[in-house]
There are 2 protein chains.
Amino acid sequence: MVEKQLNNHEQITTIKTLLDAQKARKFRETYLAYHVYEQAQVFIELDRDERTRLYRYLTPEEVGDMFNAIEEEPEKVVAFFDEMTPTYAAGVINEMYSDNVVDILAYANKEHLNNYLRLLPAKTAAEIRKLLHYEDKTAGSIMSTEFVAISQELNVEQAMQEIKVAAKDAETIYYVYVINDEQRLVGILTLRDMLRNENHIMVKDIMNRQVMSVKVEDDQEDVARTIRDYNFLAIPVTDFANHMIGIINVDDIIDVIDEESAEDYSGLAAVDVEQPDESPWRAAFKRMPWLITLLLLGMSTTSLISHYESLVSQASILAVFMSSITGTAGNAGTQSLATAVRRLAFDDDEKSLLRQLFGELITGVILGLVTGTVIMIIVGIWKHNFVLGFVIGFAMMCAIIVANLAGSFIPMFMDKIGVDPAVASGPFISTLSDLTSVLIYFNIARLFLNFFVGQ
Amino acid sequence: MVEKQLNNHEQITTIKTLLDAQKARKFRETYLAYHVYEQAQVFIELDRDERTRLYRYLTPEEVGDMFNAIEEEPEKVVAFFDEMTPTYAAGVINEMYSDNVVDILAYANKEHLNNYLRLLPAKTAAEIRKLLHYEDKTAGSIMSTEFVAISQELNVEQAMQEIKVAAKDAETIYYVYVINDEQRLVGILTLRDMLRNENHIMVKDIMNRQVMSVKVEDDQEDVARTIRDYNFLAIPVTDFANHMIGIINVDDIIDVIDEESAEDYSGLAAVDVEQPDESPWRAAFKRMPWLITLLLLGMSTTSLISHYESLVSQASILAVFMSSITGTAGNAGTQSLATAVRRLAFDDDEKSLLRQLFGELITGVILGLVTGTVIMIIVGIWKHNFVLGFVIGFAMMCAIIVANLAGSFIPMFMDKIGVDPAVASGPFISTLSDLTSVLIYFNIARLFLNFFVGQ
């Protein structure tokens, strides 16, 4: 019985010591007793010499199983292949699930890739070549080709035999897909269905013919949504003619969900949070471009304010409330942006663009009216000047309405033209809304200048 | 063969028509042919009369299967139970998986709850009562009790027999847990392992003794992380004495990941995005409290600026660059906050608080130095005034460093005192950073006032 958190550091130290002391047998015994995920966690901490020994002590199949569980960036993993002899690397590749292999080999240089593929069984090599061509973030790019497909002319006993044979290599054996003579997907059976039926029953009589599938070019987010909603463990992938060509498993979908939510989050914060655990230098390096870009965009606001400097010198009170207006409008814009991004990511049947914008307009008007009234009263009482209060309140209301509309329009527009709306970052919207808020504020203020300064 | 998106609206219309026309047989045929997820999607669109008919036409078991797939708020689902006769409701409850039932019954009023439980088999009622007591967001609150546990003294053939019996009720039969005479968890077998071994082999000889489990009081986020990292389909839940008491499936974990990422995202945007598809009025109502709270918090910044109004009237140029400084510091603070929140959510072995803060300090200094230099040069050239440029650049650098530290310290501090750091919203950090930025800015400006105004 092991506790959930086996001490990772301890495992690393143990394995390093065994490799350094060249204790092959003891190393195999200890290392192979770990879960493949832990093996992979230890592996990425080894130095080059230790890795070389590990390749010597383990079979390509054992390394392949472990590589299936590796979470390192593919650019780094592909370099490990180059440390092995081509034959050994081909053995590792042959053992891995095709979706994992392809993620990594996408980063191999052409010459090395060809070397590996030449050493693989022709069928596997052809499959990998094919998978390498699917566009990133489509069903094709995350599917694997290790699935169980059987003929509908079998009975349960015969089907169970096929499953037992497939149990060694398939990524899942719990869903069994039924295909006809032309390789077209015609049904699905779960292993559970199979166990609940007698041996002599025909597959075609018990299979579910309403099999849900995704197309190879479908977006991975749509695939994730289907698997999540229907609580599937896997979903088959078909080509245009409904030939079954792959399978996507629930664990790959979890990675997609993680990746997509990290992207949404990163967009909102203008920082890539997918690899949070880095050196301060790298962190600064990654955040800098965003910060500088936003600063430069913000200079447009600054130069706009500069344009109104004489107005401010006539009524320095205007400077006092500027940040309150830009800040509140920015917050409203971010709320509207976040809602729109999530709606675009998760809703199936979208309302029309215009209806959504109209909805945000109503929301903006309500928010603007209430917030504007609140600030009007505060300013009026605080500064004993209700004309000033009205100017601030009215400007804030207008700024909120505009920010709200921009916050929902921009991601919707990006989605329409095929850009991921998540990159419409929160700070970008805030910066844009600063610009419009300042414009609105100073123009309204100028209109009423004589009234509130005169009081 | 059905396409992925069966037309939902069409399904709803068809079913409504059949129910309204009281065509019981045709209704059953059509409705039960849908996937349970689709059945549930249709169900929530029915009106009260239609639902009453549906209860009449379907068995409690059929309704229970469908309720397992329902995604409506539990407050609403519990009201459906009240529409049924208590016996019927108990039948539905009895068919559902315990984790789903408990989510819903948590919202039942005490009297109704007791009515239902009285009509259930004593064992089921006791299990539900127990599950109702686990704290929200722990493993106990999301586990179900429908798992397959067998004795280690069986052979593969006997075990397969038990699995076939369990196949009707268990939530998953693909992982089989092995327990000893004291109900303690001692091993795990996958159905795949079982199929790869001969009938006469003993379970105890092939089971994996290194079974990973979670404790009933563990946080659901930790459970999600383990299942995700190890690519499990399920994980067993044990009590303090290692008795197996439940199981958590991968589909429940997907819901947890979705929920937690929506929470993080909502926090950053100061808006609840979990139910994005609402009327404009409700959207405004939900966003309003945040907007007003942030406005009121922002008033502290406003009153601070007001304090410096005479300074601004001496040098209105200061007003021009204020938004640039508060905006940039706010952006840096949000970046730092987002990174810290994600790190807290996903990292297992945390670095010490002090080390992380020190890291953010370094990052802040680098970001501040570069950004400050950039703005210094811009202002210097634009306004032909390098003293002013220095003041702006220096203030921006200090403001960025402070915002960066606050952005990482606040979520870490919240985490330490047991508050979910995700509620430290981005706008909250921006508002706080506005305050410190203004303080820094005007104090530095005052120091150098004679130099840059004199130029």
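Computed from a predicted model, the values in this text were never measured in an experiment.

S.K.: So what's going on with the overall build of chain A? Which residues, and what values?
M.R.: When you go through chain A residue by residue, the secondary structure sums to 22 helices and six strands. The C-alpha radius of gyration computed for chain A amounts to 30 Å, which surpasses the reference 23 Å derived for 455 residues by more than 25%, pointing to a less compact arrangement than a globule. Summarising its shape, the C-alpha atoms of chain A cover approximately 95 × 60 × 45 Å along the three principal directions. For chain A, with 455 residues in total, the buried portion stands at 58%. In the form shown here, chain A has an accessible surface area of approximately 19200 Å², with 55% of it arising from carbon and sulfur atoms. For chain A, the distance from the average position of its 37 positive side-chain charges to the average position of its 64 negative side-chain charges is 1 Å.

S.K.: Could you give me a rundown of a nonpolar patch on the surface, with the residues and numbers involved?
M.R.: A contiguous nonpolar patch, built from Leu353, Phe409, Phe413, Ile417 and Val419 of chain A and spanning about 410 Å² of accessible area, is present on the exposed surface. Looking at the element boundaries, Leu353 of chain A is found in helix 20 (residues 353–382).

S.K.: Which residues make up the pattern of salt bridges, and what values do they have?
M.R.: Overall, the coordinates contain 30 salt bridges over all chains when judged by the stated rule. Ionic pairing is found between Arg287 of chain B and Glu360 of chain A, a salt bridge with its closest N-O pair at 2.8 Å. Taken together, the positions of Arg287 of chain B in helix 17 (residues 280–307) and Glu360 of chain A in helix 20 put the pair across two chains. Owing to a relative accessible area of 2%, Arg287 of chain B belongs among the buried residues under this scheme. Its salt-bridge partner being Glu72 of chain B, residue Lys76 of chain B comes within 3.4 Å of it at the nearest N-O pair. What makes Lys76 of chain B partly exposed here is its relative accessible area of 48%.

S.K.: So what about helix 21 (residues 386–416) of chain A? Which residues, and what values?
M.R.: Here helix 21 of chain A spans 44 Å end to end across 31 residues, near enough to the 45 Å set by a 1.5 Å rise per residue. With a side-chain oxygen lying 3.2 Å from the backbone nitrogen of Val387 of chain A, the N-terminal cap of helix 21 of chain A falls on Asn385 of chain A.

S.K.: How would you explain the relation of the copies chain A and chain B if you had to name every residue and give the values?
M.R.: Turning chain A through 180 degrees and shifting it by 0.0 Å along the axis lays it on chain B, with an RMSD of 0.1 Å. Both chain copies can therefore be described as sitting about a two-fold axis. Looking at chain A, 100% of its interface residues are interface residues in chain B too, so the copies touch through the same face.

S.K.: So, the packing of aromatic side chains: which residues are in play, and what are the values?
M.R.: Considering all chains together, one arrives at 37 aromatic pairs over all chains under this definition. Judged by centre distance (5.4 Å) and plane angle (15 degrees), the rings of Tyr230 of chain A and Phe232 of chain A are stacked. A residue is classified by how much of its surface remains accessible, and Tyr230 of chain A, at 11% relative accessible area, is buried. With 5.6 Å between their ring centres and 10 degrees between their planes, Phe390 of chain B and Phe394 of chain B make a pair best called stacked. Placement of the pair is Phe390 of chain B and Phe394 of chain B together in helix 21 (residues 386–416), with a separation of four residues, close to one helical turn. Of the residues examined, Phe390 of chain B reaches a relative accessible area of 34% and is grouped as partly exposed.

S.K.: Lay out unusual backbone geometry in plain terms, naming residues and giving numbers.
M.R.: The phi angle at Gln22 of chain A is positive, at roughly 55 degrees, despite the residue not being glycine. Here Gln22 of chain A lies in the loop between helix 1 (8–20) and helix 2 (24–33). Accessibility expressed as a relative area gives 46% for Gln22 of chain A, which makes it partly exposed. Of note, Lys137 of chain B is a non-glycine position whose phi angle comes to about 70 degrees, a positive value. Considering the arrangement of structural elements, one finds Lys137 of chain B in the loop between helix 10 (122–131) and helix 11 (139–142).

S.K.: Before we move on, can you summarise the interface of chain A and chain B with the specific residues and values?
M.R.: Every contact between the two is made by 124 residues of chain A and, on the other side, 124 residues of chain B. Around 11200 Å² of area is buried between chain A and chain B when both sides are counted, 63% of it from carbon and sulfur atoms. Joining chain A to chain B, the criterion identifies four salt bridges. At the boundary of chain A with chain B, the tally comes to 28 residue pairs in polar contact (both at pLDDT 80 or more). Sorting elements by how many residues they give to the side of chain A that touches chain B places helix 19 (residues 317–346) of chain A first, with 19 residues. Here the residues of the side of chain A that touches chain B are counted per class, giving 65 nonpolar, 29 polar and 30 charged.

S.K.: Residues and numbers for the UniProt feature "domain: CBS" (unreviewed entry) in chain A, please.
M.R.: All names here are of chain A. Mapped onto this numbering, the UniProt entry annotates "domain: CBS" (unreviewed entry) at residues 143–206 and 207–263. End C-alpha to end C-alpha, residues 143–206 measures 27 Å, and it is 31% helix and 22% strand. Secondary structure across residues 207–263 comprises 44% helix and 23% strand; the distance between its end C-alpha atoms is 39 Å.

S.K.: Can you tell me about the sheet that holds strand 2 (residues 175–179) of chain B, naming the residues and giving the values?
M.R.: All names here are of chain B. Ordered by their spatial adjacency, three strands build an open sheet running 1-2-3, and the pairing between neighbours is mixed. Across the chains shown, the open sheet's two edge strands, defined by having one partner strand only, are strand 1 (149–151) and strand 3 (185–190). For this sheet, the mean angle separating the axes of adjacent strands, direction not counted, is 35 degrees. In this structure, strand 2 lies alongside strand 3, joined through five bridges in antiparallel fashion. If you follow Ile179 over to strand 3, its bridge partner there is Leu185.

S.K.: An account of the domain arrangement of chain A is needed here, citing residue identities and associated values.
M.R.: Entries for chain A in the domain assignment read domain 1 (8–134), domain 2 (149–257) and domain 3 (280–454). The straight-line distance from the C-alpha centre of domain 1 of chain A to that of domain 2 of chain A is 29 Å.

S.K.: Can you break down helix 16 (residues 250–269) of chain B residue by residue, with the values?
M.R.: Residues and elements named next belong to chain B. Along its 20 residues, helix 16 runs 29 Å from first to last C-alpha, staying within 8% of the 28 Å computed at 1.5 Å per residue. Helix 16 sits mainly inside the fold: 18 of its 20 residues count as buried. Ala270 sits one or two positions beyond helix 16 and adopts a positive phi of about 55 degrees.

S.K.: Tell me about the nonpolar core, residues and numbers included.
M.R.: Counting residues in each nonpolar core, the largest one holds 190 residues, and the members touching the most others are Leu54, Phe67 and Phe81 of chain A together with Leu54, Phe67 and Phe81 of chain B. Apart from residues lying up to four places away in sequence, Leu54 of chain B is in contact with Leu19, Phe27, Tyr31, Phe43, Leu46, Val63, Met66 and Tyr88 of chain B. Formed by 82 residues, the second largest nonpolar core is a distinct cluster that contains Tyr308 and Val438 of chain A together with Ala395 and Ala403 of chain B.

S.K.: Go over the confidence of the model for chain A, please, and point to the residues and values.
M.R.: All names here are of chain A. Per-residue pLDDT for chain A has a mean of 88; in total, 95% of the residues score no lower than 70. By mean pLDDT, the top-scoring element of chain A is strand 5 (residues 234–238) (95), and the lowest-scoring one is helix 22 (residues 426–454) (85). In this model, residues 1–6 is a region of pLDDT below 50 whose contacts with residues beyond four sequence positions or in other chains number 16 contacts.

S.K.: Tell me about the sheet that holds strand 5 of chain A, residues and numbers included.
M.R.: Residues and elements named next belong to chain A. Judged by pairing direction, the sheet is mixed, and its three strands sit side by side in the order 4-5-6 without closing on themselves. A strand with exactly one partner marks an edge of an open sheet, and here the two such strands are strand 4 (214–215) and strand 6 (244–249). In terms of strand pairing, strand 4 meets strand 5 through two bridges, oriented parallel. Directly across from Lys215, in strand 5, lies its bridge partner Thr238. Seen against the sheet, helix 15 (residues 220–230) touches strand 4, strand 5 and strand 6 and runs at an angle of roughly 140 degrees to strand 5.

S.K.: Summarise the packing of helix 1 of chain A against helix 2 of chain A; cite the residues concerned and give the values.
M.R.: Residue and element names in this part refer to chain A. Between helix 1 and helix 2, the shortest axis-to-axis distance is 9 Å and the interhelical angle comes to 160 degrees. When the axes of helix 1 and helix 2 are compared, the pair comes out roughly antiparallel. The two elements helix 1 and helix 2 meet at a crossing, and its hand is left-handed. When helix 1 is examined against helix 2, the residues Thr14, Ile15, Leu18 and Leu19 are found in contact with a partner set consisting of Lys26, Phe27, Thr30 and Tyr31. Of the residues belonging to the contact of helix 1 with helix 2, the class tally is five nonpolar, two polar and one charged.

S.K.: Can you explain empty space enclosed by the protein? Please cite residues and give values.
M.R.: Counting across every chain of the model gives six cavities of 30 Å³ or more. Here the largest cavity is characterised by a volume of approximately 640 Å³. Forming the walls of the largest cavity are 38 residues, and the residues nearest its centre are Gly327, Ser430 and Asp434 of chain A together with Gly327 and Ser430 of chain B. Every element with two or more residues in the lining of the largest cavity is listed here: helix 17 (280–307), helix 19 and helix 22 of chain A together with helix 17, helix 19 (317–346) and helix 22 (426–454) of chain B.

Thresholds applied
- Residues numbered from 1 in each chain as written.
- Chains lettered and ligands numbered in written order.
- Predicted model: local features only at pLDDT ≥ 70, side-chain atom pairs only at ≥ 80, totals over all residues.
- Heavy atoms only, no water.
- Helix = DSSP H or I, 4+ residues; strand = E, 2+ residues; numbered from the N terminus.
- Rg over C-alpha atoms; globule rule 2.2 N^0.38 Å.
- Buried < 20%, exposed > 50% of the residue type's maximum accessible area, 1.4 Å probe, protein only.
- Areas by Shrake-Rupley, 256 points an atom, 1.4 Å probe, with all protein chains shown as cover.
- Lys, Arg positive; Asp, Glu negative; His and termini not counted.
- Charge placed at Lys NZ, Arg CZ, Asp CG, Glu CD.
- Patch = residues over 30% accessible without salt bridge, like charges linked within 9 Å, V, L, I, M, F, W, Y side chains within 5 Å.
- Salt bridge = Lys/Arg side-chain N within 4 Å of Asp/Glu carboxyl O.
- Expected span 1.5 Å × (residues − 1).
- Polar contact = N/O pair within 3.5 Å; in protein donor to acceptor, adjacent residues only side chain to side chain.
- Least-squares fit on C-alpha atoms with pLDDT ≥ 70 in both.
- Contact = heavy atoms within 4.5 Å.
- Phe/Tyr/Trp six-rings, centres within 6.5 Å; stacked < 30°, edge-to-face > 60°.
- Buried area = accessible area lost by both parts, 1.4 Å probe.
- Nonpolar A, V, L, I, M, F, W, Y, C, P; charged D, E, K, R; others polar.
- UniProt positions renumbered as here; feature names shortened; annotations may be inferred.
- Pairing = 2+ DSSP bridges.
- Axes fitted to C-alpha atoms, helices over the stretch in contact; angles between N-to-C directions.
- Domains from an automatic or database assignment.
- Core = buried A, V, L, I, M, F, W, Y, C linked by side-chain atoms within 4.5 Å.
- pLDDT = per-residue confidence, 0-100.
- Parallel < 35°, antiparallel > 145°, perpendicular 65-115°, else oblique.
- Left-handed = near helix turned anticlockwise from the far one by under 90°.
- 1 Å grid on protein atoms, 1.4 Å probe; cavity = no way out; pocket = protein on both sides within 12 Å on 5 of 7 lines; lining within 4 Å.
- Points joined across faces, edges and corners; volume = space filled by probe spheres on them.

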